[in-house]
Structures are given as structure tokens and as C-alpha cells.
Amino acid sequence: MLRIANALEAQLRAAMQRAFPEQAAAAQAAGQRLDPQLAPASKPEFGDFQANGALPLAKPLGQPPRAIATAIVAQLAHDPGFAELCQEPVIAGPGFINLTLRPERLSAEVRARLDDPRLGVPSAADPSGGSQASPVVVDFSSPNIAKEMHVGHLRSTIIGDCLARVLAFRGHPVLRLNHVGDWGTQFGMLITHLKQVAPQALDTADAVDLGDLVAFYRQAKARFDEDEVFQAASRDEVVRLQSGDPVSLKAWGLLCDQSRREFQVIYDRLDIRLQERGESFYNPYLGDVVADLDGSGLLVTDDGARCVFLEGVSGKEGKPLPVIVQKRDGGFNYATTDLAAIRYRLAAPPAGDGARRLIYVTDAGQAAHFAGVFQVARRAGWVPAEAQLEHVPFGLVQGDDGKKLKTRSGDTVRLRDLLDEAVERAEADLRRRLDDEGRHEEEAFIQHVSTTVGIAAVKYADLSTNRITNYQFSFDRMLALSGNTAPYLLYAVVRIAGIARKGGGAAEGGAAAAAQDGADAGLVFSEPQEWALIRELLKLDAVIAEVEEELLPNRLCSYLFELSQVFNRFYDQVPVLKADEPARSSRLALCRLTAATLKLGLGLLGIPTLERM
Ligand code: ARG
């Protein structure tokens, strides 16, 4: 209903300007406009919207706000556009203007959505067809090579994917970037270890698999910590790698490939598409970053390290905190790479991505890191005024007990085990339910449903909590068939789609089919449960705009859950299949639109729906 809200706001403002021309002129002189303060109604009985703009005018005009509201409403009466949208406004309380949309307007909106694959959600793509919209970068997932992808990376992957889907649906070109940790001093010890224990691996690509690689990392680290000769060799190896030695590069490439294959297994299971652009990509630009910062006078040498001191951020004892861009030994840091990445992503193509919104999805523990590099990038002048740099933080994943998520034996949980368990439990639940219902299904059906439900449950559980808070991982809760869960929503889609099918089926014969054809022309609604469902359905565009703006997927989840509940109330209290025409077709149309809305919403969460379950 964003389009209607925008139209109403314009009509209200015009009415205010006509009612109080001097006030409007004064506002304009101050570079402002009269603000109708339009908002959704605080309670359904107040209608659809309320406009509170009369209240702040009371003082400057020296009039009671109710009188001001009355004058605005009198002007609205002269606007035929307004009369088409709204019923007679009601002035309430100290001077609120309550607005209720005309029922035929609401029906028309429903009708328009029934034929619209976007369900009324506008695409932000430049309608003038002129300049191509600038891309949005979503930097997410981003595990580290030769280490296992952990639950923090899983959260980043699920949240980042959802945000990328929403932004893409809104018409933005989205760059889904996997900023993998594929560079840095740890490769010195990894390559040294590789050359010593598995020299043959340098000839065959498949000699090491990731299970080994993680243990391999641990061994290399242990040797590095104990053995000084090994340490020295590792440091030499870093230098060799950075100077492009072919054998070192080959070993590095092998380690990366092994990790990559393992990460890809997880991405495939979660249906995640990502473009890998790891830290190593920015290597050639690190020197430019330092030179640039030096040129703009930001760089300070402190104890041999080159750093930028942050403004407005101080550490212990009130000393300003530095972002170290080059260490005393000449090496670069995680922050240097992120500075190079910001610079590259904002720079115009072909030397950069030309992006205007950079979104980073990582745990909240990296908030200070991003605040620091964002500040340095701004002060270096790399960030155009209209560009947005956003860190999208999320909390920790905890076990049922509120402590760090661990296996029963106390080990860290491996992602594939976690996904396996979700699917296995979904399968056990399904088999139990099929037994109870005396249903017989093909094995392929059982596998398909269990996999879809299991993965959906993991994704939805993560997305439906406010990402900022820590999140308690519980298989029992996420797989429950009731409550704000994936199985509940998937089941709602199945049920509603089933009703719509039954009602719209050709098997119903002439009268029903004819009514179906005529449905779009003659939607007739009368019951409060119908209007409640319609109003809920029409919120979709506003909810998606909100997610796009605030980057909070849980808003979309809450909406889909609320919609399912409003639908259930409607379906429990109002006859649909047994109703007479034209109510029957109109109600079936609402069923269809509800199913389509849930499907679209779940799709934006990265969750495919099922026909049956
Ligand atoms: N590899 C990092 C980690 O595992 C996350 C990288 C996030 N992205 C970035 N541009 N810094 O913590």
C-alpha cells in the first residue's frame, strides 16, 4: 500500500498548503515542507492511516489543533483524487485525522495483485531507463581457507543470502561477494608444513581432503608454536609466496581448492550463490592504499607501524585507537585489505565495482573493525556523499543451554553434521506423521520433503530472530509444526494452495469455472475477517521496503507468520468452498493471493515451498 500512502501524503500536504498558505510559504522559505505526519493507524478501528500533522501547527498558528484538522479536512473535500481513495475523514482526540480507505479501492488493489507476479512490490530499477542503477555489494559468508566454516559463517551465509535476494528483487544489481580469508601469514606455516609432510600433494590435486586440512592446520600451527626452525621457514615462505614463487603459489592454490570444494558442498545444500573474491584479490592494491593515506596526510608512523588514528574512538586510558595499515615488518593487515576492498568497490568501473551501497554481514564482534575502516575510508575521501557503508552485525549462536554451541562431546559443531541432523530429524517427524495419518508416500517424496523442511528450518530459525541478539539453536523448536517456524509456514502454503486448487479446479464444472473467470472482475467482500486479511496482504510492499532499508530479515518473517495467522482466522470463521457466488470466488481469490504472498516471501528468505508435505 506504499503507493496509496504516497498519494495520500501528497494530497494531505496539498490540503494543508491550501488551508494555511502563509505557513506553507514560511516552511518553504526555511527549506522545509508542511508535514502531514501520515502513519498507519494505531488501531484497526481507527481505519487505515492517521495524519497527525495538525498538532505541531497549533502553536505557530495559535489555533486549537482540532480547528486546524477541520480546516485540512475541508480542503481535502475539494480533492477528487482523495475522495476516490478514502471515505469521509474522522477527526479524533486532540486533532488526529483518521483515514479509512474505500472498500472498492482495497478490492481494486487485491485485483491488481492477482495478476501481478511482483504482488504490488515496485522495482527500484530506474524507470527512466537511463543510467544503469549502481550495484549493491553484499559481502557475506566469507570463511577462511584451510579452516572449517563454522556456525558464525553459517549465520552470515543465511542472513547475507536473504538480504541479497531482497535487494535483487527490489531491482538492484547485487554483487554477492565471498571475501574468503585466502591470504596472510598463516599460509607461510601451511605451505611449509605441506612441503614437508606431503610433497606429493604438489603434484596431485586430490591428495588432501578438508577433513585432513583442518587437522593439517592444527598440526602446522602446533609446529609453528613449538619449533623455531619451522617458524623461520614459515616466514621465508610468506615472502616467497608474496613475491610470486611458482611452487609456493601452487601449494597455496592447492590449499584454496581443497577448502573451496568443501565450502561449495555447504553452499549447494543451502542453495547459495556467491562470487568468490578473496582477500588475495586486493593484494595488488594494498600499496596504493598506504600511498593514498599517506598522500592525504592521515598516516602516522607509530613504533615503526604505519597507522591512522581514529577520531572519536579511544581505548583504555583515553588514548586514541589506531587502525594499523602496515606493520613494522612491512606486512599488511586484515584492515588494510578491507580498506583496499572499500576503495575498489566504490571506484568507477573498470577499475572498480562502482557500487554505492556496501553491506557487510559478520558477527557483532567485528563492529569496531568496520567502524574503524569505514571512518578511515571516509577521511581518505574514497566514499562519495551518496554512498552507504553498512556493517550488518549478528549475535552468537548458542546451544540450548545458552552456552556456545558444541556437540555432546564438547567439540565444535561441523556444519554438514548440523544440516544432516536437521534433515534426519525432519525425516523422522515426517515418517511419524505419515504413520499417524495412515498415509503411504514414495521414498523420493519423503526425501524431498525432509530435505526441504530440514534446511528451511535451519534458515528460518536464524532469520526469524532479531539478528542483533544471540541466537539459541534448538532443533526441537525450529522443527515444530506450530509457532513461528518454517514447518508451520510451509504447511500453511500447502494447505492454502490446496484450498485454492479445490476451488479453482476444472473438475468443479461449468458454474464454478465461469465464476472463476469472472472473479477478477467482480470481487465482493463483506466480512471483517476478509477485510483484515486484505489489509494484511496489502502490507507486503511496505514490509519489503523496510527490510531493504533496515536489513532485518526477521521483519519479513514476522509478517509472514502474522499473515498465516490472519489467514487461518479468516478460513476458520468464514466459509470459502461452501459459500455462494460471488463470495466464493472472491474468497478463493484471497486464498490464492495469500499462497502467492507466502511463496514470494519465503522465496526471499531463501526457502523453497512444497506442493504437498
Ligand atoms: N573471513 C572473516 C572471518 O571469518 C570474515 C570476512 C568478512 N568480510 C570482510 N570484508 N572483512 O571472520
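### Some words on the packing of aromatic side chains
Moving on, step 1. Evaluation of the coordinates by the stated rule reveals 15 aromatic pairs.
Moving on, step 2. Plain terms: the ring middles of phenylalanine 281 and tyrosine 344 are 5.1 Å apart, the flat faces sit at 85° to each other, and that makes the pair edge-to-face. Remark: tyrosine 344 occurs in helix H13 (residues 334–346) and phenylalanine 281 occurs in the loop between strand E7 (275–276) and helix H12 (286–295); sequence separation between them is 63 residues.
Moving on, step 3. With a relative accessible area of 30%, phenylalanine 281 lands in the partly exposed category.
Moving on, step 4. Looking at tyrosine 344, the relative accessible area reads 12%, which means it is buried.
Moving on, step 5. Note on tyrosine 360 and phenylalanine 370: the rings are 4.8 Å apart at their centroids and 40° apart in plane angle, and the pair reads as tilted. Of this pair, tyrosine 360 sits in strand E11 (residues 357–363) while phenylalanine 370 sits in helix H14 (residues 367–379), and the two are 10 residues apart along the sequence.
Moving on, step 6. Members of the aromatic cluster, joined through ring pairs, are Phe281, Tyr282, Tyr285 and Tyr344.
Moving on, step 7. The lysine or arginine in question, arginine 118, covers the ring of phenylalanine 169, its NZ or CZ lying 4.1 Å from the ring centre.
Moving on, step 8. Over the face of the ring belonging to phenylalanine 281 we find arginine 277, whose NZ or CZ atom lies 4.9 Å from the ring centre.

### Side note on the pairing of strand E5 (residues 136–139)
Moving on, step 1. What you see with E5 is no split at all: Val136 and Val138 on one side and Val137 and Asp139 on the other are buried throughout.
Moving on, step 2. The pairing of E5 with strand E6 (residues 174–178) spans 4 bridges and is classified as parallel. Directly across from valine 137, in E6, lies its bridge partner leucine 175.
Moving on, step 3. Following the chain from E5 across helix H7 (residues 151–169) to the adjacent parallel E6, one finds a crossover that is right-handed.
Moving on, step 4. Bridge count for E5 against E11 is 4 bridges, and the pairing is parallel. Following the sheet pairing, valine 136 is matched in E11 by arginine 357.

### Quick word on the site of the ligand
Moving on, step 1. In the neighbourhood of the ligand, the contacting residues comprise Asp139, Ser142, Asn144, His153, His179, Tyr334, Asp338, Tyr360, Thr362, Gln366 and Phe370.
Moving on, step 2. Within the side chain of aspartate 338, an N or O atom sits 2.8 Å from a nitrogen atom of the ligand.
Moving on, step 3. For the ligand, an oxygen atom lies 2.9 Å from a polar atom in the side chain of glutamine 366.
Moving on, step 4. For the ligand, whose unbound accessible area comes to 350 Å², protein coverage reaches 89%.
Moving on, step 5. Of all the secondary-structure elements, those providing two or more residues to the shell around the ligand are H13 and E11.

### Examining the packing of H13 against H14
In a packed pair of helices, the relevant descriptors are the angle between the two axes and the axis-to-axis distance.
Moving on, step 1. The interhelical angle for the contact between H13 and H14, taken along N-to-C directions, is 50°, at an axis separation of 10 Å. Our classification of the angle between H13 and H14 gives oblique. H13 and H14 meet at a crossing whose hand is right-handed. Along the contact surface, H13 presents Tyr334, Ala335, Asp338, Leu339 and Ile342, while H14 presents His369, Phe370, Val373, Phe374, Val376 and Ala377.
Moving on, step 2. Residue composition of the contact of H13 with H14, by class: 9 nonpolar, 1 polar and 1 charged.

What counts, and where the lines are drawn
Residues numbered from 1 in each chain as written. Predicted model: local features only at pLDDT ≥ 70, side-chain atom pairs only at ≥ 80, totals over all residues. Heavy atoms only, no water. Phe/Tyr/Trp six-rings, centres within 6.5 Å; stacked < 30°, edge-to-face > 60°. Helix = DSSP H or I, 4+ residues; strand = E, 2+ residues; numbered from the N terminus. Buried < 20%, exposed > 50% of the residue type's maximum accessible area, 1.4 Å probe, protein only. Lys NZ or Arg CZ within 6 Å of the ring centre and 35° of its normal. Pairing = 2+ DSSP bridges. Right-handed = clockwise from strand over helix to strand, strands pointing away. Near = heavy atom within 4 Å. Polar contact = N/O pair within 3.5 Å; in protein donor to acceptor, adjacent residues only side chain to side chain. Areas by Shrake-Rupley, 256 points an atom, 1.4 Å probe, with all protein chains shown as cover. Axes fitted to C-alpha atoms, helices over the stretch in contact; angles between N-to-C directions. Parallel < 35°, antiparallel > 145°, perpendicular 65-115°, else oblique. Left-handed = near helix turned anticlockwise from the far one by under 90°. Contact = heavy atoms within 4.5 Å. Nonpolar A, V, L, I, M, F, W, Y, C, P; charged D, E, K, R; others polar.

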